[in-house]
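Take a look at the letters that make up each chain.
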Amino acid sequence: MAERGQLPPPAKRLCCRPGYGSACRPGQRAGGAGPGSGALCAGPSSAAAAAALGLLPLGKTQSPESLLDIAARKVAEKWPFQRVEERFERIPEPVQRRIVYWSFPRSEREICMYSSFNTGADDPAAAAAGGVATAPGGAADPAAAADENRLPFRRGIALLDGGCVDNVLQVGFHLSGTVTEPAMQSEPETVCNVAISFDRCKITSVTCSCGNKDIFYCAHVVALSLYRIRKPDQVKLHLPISETLFQMNRDQLQKFVQYLITVHHTEVLPTAQKLADEILSQNSEINQVHGAPDPTAGASIDDENCWHLDEEQVQEQVKLFLSQGGYHGSGKQLNLLFAKVREMLKMRDSNGARMLTLITEQFMADPRLSLWRQQGTAMTDKYRQLWDELDSSNRPHRTVFTRAIEACDLHWQDSHLQHIISSDLYTNYCYHDDTENLLFDSQGWPLWHEHVPTACARVDALRSHGYPREALRLAIAIVNTLRRQQQKQLEMFRAQKKELLHRGVTSITNLEGWVGHPLDPIGTLFSSLMEACRVDDESFHGFSDFTDHVGQCKSLEYHHLPAHKLFEEGESYLTLAVEVALIGLGQQRIMPDGLYAQEKVCRNEEQLISKLQEIELDDTLVKIFRKQAVFLLEAGPYSGLGEVIHRESVPMHTFAKYLFTSLLPHDAELAYKTALRAMRLLVLESTAPLGDMSRPHHIASVVPNRYPRWFTLSHIESQQCELASTMLTAAKGDVRRLETVLESIQKNIHSSSHIFKLAQDAFKIATLLDSLPDITLLKVSLELGLQVMRMTLSTLNWRRREMVRWLVTCATEVGVYALDSIMQNWFTLFTPTEATSIVATTVMSNSTIVRLHLDCHQQEKLASSARTLALQCAMKDPQNCALSALTLCEKDHIAFETAYQIVLDAATTGMSYSQLFTIARYMEHRGYPMRAYKLATLAMTHLNLSYNQDTHPAINDVLWACALSHSLGKNELAAIIPLVVKSVKCATVLSDILRRCTLTTPGMVGLHGRRNSGKLMSLDKAPLRQLLDATIGAYINTTHSRLTHISPRHYSEFIEFLSKARETFLMAHDGHIQFTQFIDNLKQIYKGKKKLMMLVRERFG
């Protein structure tokens, strides 16, 4: 808030010599010491001054205050100094000094408020003392402490304690001094000149040469202010400068002016000459005014008495927030600004309203508002935050402006309202039970019937403007009204219960929810009552003792009822706070439209529950919990936990979890009943009742079986899952409870990922290392896992493989019968691939056998189930399951043969060459070479390798198949070569096969490594002649294909390719002639490629 080295604004008051002009009366100011004289600011005694400043409690002083100080202090607080001057003809100098002395602020609380954000500390003394922020556990929070120490107020205290304040001088209502900023690592020591003007115990303007730009006073202003508050006896005090000038004669005045100009000639000489010219001009404006301004003479009668607020900086901060978008940092800054507004209002500081006006004006001046209005764009969440603070609403067809206009019509003149807030004693009207809006209930307690958010806004306004007693009185009346309404609602529902339950339909009784409402009605009531719990001063409450019971009256006579009578026996502010929080959280309310409003509902609910969790429950509070839980279960459409609720009601999972954990140690049956009722999530159930659509509300457009736009649905589902997990944990060891919770989960939770999480949670709880496994909870875990398998069987889920493996692990822990069961029912749980490659394979592993200590009979039973599963899967999906089926069945001859036959049946139509080659290699590895050969020939019929696929992954399989055939004998080789020639067109692959076949005699290396005698096969006879011709033809075709699009950079590679081709040509008896003719043809056909043909001639002639 310090301004960049500018001078204080000129004083509004004009001061003149006695007798000069009509505005001044002779003898108005008392003469005193000569110019330059001064006096310290000490009061009548150090102890009295300390008491007056609040440093010592009254009654503890060494001596009583003087009448002069008492009077001067009161005058300094309330009267502008000009009024004092005009009221009295002569003011003695000691009186002037005491008024000037007492006019400076005496409390550090305001200094702190204008130099730091509200840290949440209610104790200003603690804030002034420089207390360190603490974490919830009581330990110091280093991050919070570091942030707090950077605030100007904390830094100012550090500068003061470090002795950095010097040259402090008070001249009238003006304080000046220097504050030395110590040298830092990167910055040298700097001296800041600080000037402060004040009036009626408020700082009215500040300047500092530090150049800091901020909403707050800078640390140097804080240091100087605190120096004056804490060390008044060390500050030299002078009367206003005009008073000193009155004492000078002409020569002294001329000397004073010339010395002043000499000392500051570079700064003031132009101004001095200008003023001199105007004074010497008879017709100048300056000569038309009596007297001259004095910046040290205090306020005029017309001056507004308020603390200095840098309005320009407030506007700049809000502009910065708007320019940054709704990011976390800027949003936090705006929240702090609103908190500062509330803090000011609570201290009855007029700047609170002014600051809120400035914020609003900046929002309204944002050019994007008109642009969005033209485009029909919804207001952004950033602006909604402001509207929340300014009293917005989500009700249909209502805008912030509608609400603002209505707020202007609110008044406080209602006589009953005045009775409630102004006195602890109430007049009791006659009670009639059939009257809807009674002023008092049957026990004489005052009631206040008004739209609940509006009524609570009154409470908030009273608190914010510094009327805590009045706010508390109204809050109690509202809570009593809500409790009475709650009882009436229960009676109404009981009368209509049979009809409503028969129809299975409910209407919404609350068009706007209290939790998540922009005005935060429940949070306001809760905070007001909790504040009363923390206040020890009985004068805060203002409540007298209990009096005799006042019964129902028979006429309109008045009875005095003390406010304590608002409490039943055993009740307190704490019980009221807890009960109203439970009432608000349990209210059935429609989920509002829009992401911001829905997030606000969740956030406010969690904030309120977090505050409740800080309260330690005793027997009295447990009684409240029982009472409200029973009501919520029985109150039908008035409760979010009623038997029949609207499809789009805000779910109760988070609240029910808190109720469950709170009630469980005291009333387990009620705890489970409440939590189980809350598990439902009707918005995801297509058969859920839509409710009574006859009422005008935005949900009337929702059509059946279509989900509304719940942006927070994922969060809601996670809270539902948390509630279920909490119940599962608590129910460990209780078979009946576990079965009930399992049934609720299976019925209400619709997300497979959340059910899987619950299954995992239950498994962990059931298998804790420090105890024996809980078999019932394990079975619950398995049941949930099975449900997940069924839910995700036909849908894509990236965690599916993890889920399947986990289920097998869980079933293993449950026992052998569970493993057998999942294998026998695999088709409802797994895909064929999962069943064979994961489930059956894991079940049949040695680790499972060892883990379960299976005997031979049990092992065989599981193996039989696994084989049956494998054959079923192979029939259903031979492509992916055949190999696994063969592996699982290899120890049973009949099953293995069946699996092999399944492969053969599927080979011609449903299986790829890669799958068949894989199974063929498996067969060879298992010692079935002829079966491997059979499958290899079937695979070859599905294969097609073109001329340029010389890196195809199937090449190794082809080479392996030919090697296998060659090893089996001439007949097998003769049978496979036509298949190779038909399927493979790649010359290099064919030449490789040809070369391998000519190295050894077919069948020479047979089974068991026995060598067969025989001659090498001839290339001039079948089957190798057919392979040779195919290879030469492949080289010719490939050569022409390459030459069609060849580029110079591939010439050398092409020459090498021809060299390999020549090697193959030469394997034929007339190969030399064929190759020469081939080269000649190339030279003739491609003679245009001169450079390439030259390379061909150089290599091949």
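To be clear, the structure that these remarks concern was listed above.
Overview of the structure. (Residues numbered from 1 in each chain as written. Predicted model: local features only at pLDDT ≥ 70, side-chain atom pairs only at ≥ 80, totals over all residues. Heavy atoms only, no water.)

**A look at the side chain of threonine 178**
Then comes step 1: In this fold, threonine 178 is placed in strand E4 (residues 174–181).
Then comes step 2: A residue is classified by how much of its surface remains accessible, and threonine 178, at 13% relative accessible area, is buried.
Then comes step 3: At 3.1 Å, the side chain of threonine 178 and the side chain of asparagine 167 are in polar contact. (Helix = DSSP H or I, 4+ residues; strand = E, 2+ residues; numbered from the N terminus. Buried < 20%, exposed > 50% of the residue type's maximum accessible area, 1.4 Å probe, protein only. Polar contact = N/O pair within 3.5 Å; in protein donor to acceptor, adjacent residues only side chain to side chain.)

**A look at the packing of helix H41 (residues 929–940) against helix H42 (residues 955–968)**
Then comes step 1: Direction vectors running N to C along H41 and H42 enclose 135°, while the axes themselves pass 10 Å from each other. Relative to H42, the element H41 is oriented oblique. Every pair of crossing elements has a handedness; the one defined by H41 and H42 is left-handed. Of the residues in H42, those in contact with Pro929, Met930, Ala932, Tyr933, Ala936 and Met940 of H41 are Val958, Trp960, Ala961, Leu964, Ser965 and Leu968.
Then comes step 2: Class assignment for the residues of the contact of H41 with H42 results in 11 nonpolar, 1 polar and no charged. (Axes fitted to C-alpha atoms, helices over the stretch in contact; angles between N-to-C directions. Parallel < 35°, antiparallel > 145°, perpendicular 65-115°, else oblique. Left-handed = near helix turned anticlockwise from the far one by under 90°. Contact = heavy atoms within 4.5 Å. Nonpolar A, V, L, I, M, F, W, Y, C, P; charged D, E, K, R; others polar.)

**Thoughts on the environment of valine 650**
Then comes step 1: Checked against the element boundaries, valine 650 lands in the loop between helix H26 (619–634) and helix H27 (653–663).
Then comes step 2: In this view, valine 650 contacts Arg589, Ile590, Met591 and Val601; residues no more than four positions away in its chain are not counted.

**Focus: the packing of aromatic side chains**
Then comes step 1: Counting across every chain of the model gives 17 aromatic pairs.
Then comes step 2: Ring centres of phenylalanine 1075 and phenylalanine 1100 lie 5.5 Å apart, and the angle between their planes is 75°; on these two criteria the pair is classed as edge-to-face. Note that phenylalanine 1075 is positioned in helix H47 (residues 1071–1085) and phenylalanine 1100 in helix H48 (residues 1090–1100), a separation of 25 residues in sequence. Pair check on accessibility: phenylalanine 1075 and phenylalanine 1100 agree, each one buried. (Phe/Tyr/Trp six-rings, centres within 6.5 Å; stacked < 30°, edge-to-face > 60°.)

**Here's the deal with the pairing of strand E5 (residues 190–199)**
Then comes step 1: Across the 10 residues that make up E5, a large majority, 7, are buried.
Then comes step 2: Bridge count between E4 and E5: 8 bridges; the pairing is antiparallel. Looking at the pairing, serine 176 lines up with alanine 195 of E5.
Then comes step 3: Sheet topology places E5 next to strand E6 (residues 202–208); 6 bridges connect them, and they run antiparallel. Bridge pairing in E6 links aspartate 199 to lysine 202. (Pairing = 2+ DSSP bridges.)

**Digging into the pattern of salt bridges**
Then comes step 1: One pass over the structure, following the stated rule, counts 38 salt bridges.
Then comes step 2: Through salt bridges with shared partners, a single ionic network connects Arg342, Lys346, Asp460, Arg463 and Glu531. (Salt bridge = Lys/Arg side-chain N within 4 Å of Asp/Glu carboxyl O.)

**Details of the pairing of E6**
Then comes step 1: Within E6, 5 of the 7 residues are buried, which leaves the element mostly enclosed by the surrounding structure.
Then comes step 2: Connecting E5 to the antiparallel partner E6 that follows it, the hairpin turn spans 2 residues, and arginine 200 within it adopts a positive phi of roughly 50°.

**Focus: H27**
Then comes step 1: In terms of burial, H27 is largely enclosed, as 9 of its 11 residues are buried.
Then comes step 2: The set of residues buried in H27 consists of His653, Thr654, Phe655, Ala656, Tyr658, Leu659, Phe660, Ser662 and Leu663.

**Overview of helix H43 (residues 970–983)**
Then comes step 1: The end-to-end C-alpha separation of H43 is 20 Å, in line with the 20 Å expected for 14 residues at 1.5 Å each.
Then comes step 2: Taken as a whole, H43 has its buried residues at Glu972, Leu973, Ile976, Ile977, Val980, Val981 and Ser983.
Then comes step 3: Buried residues along H43 sit in contact with H41, H42, helix H44 (987–997) and helix H45 (1024–1044). (Expected span 1.5 Å × (residues − 1).)

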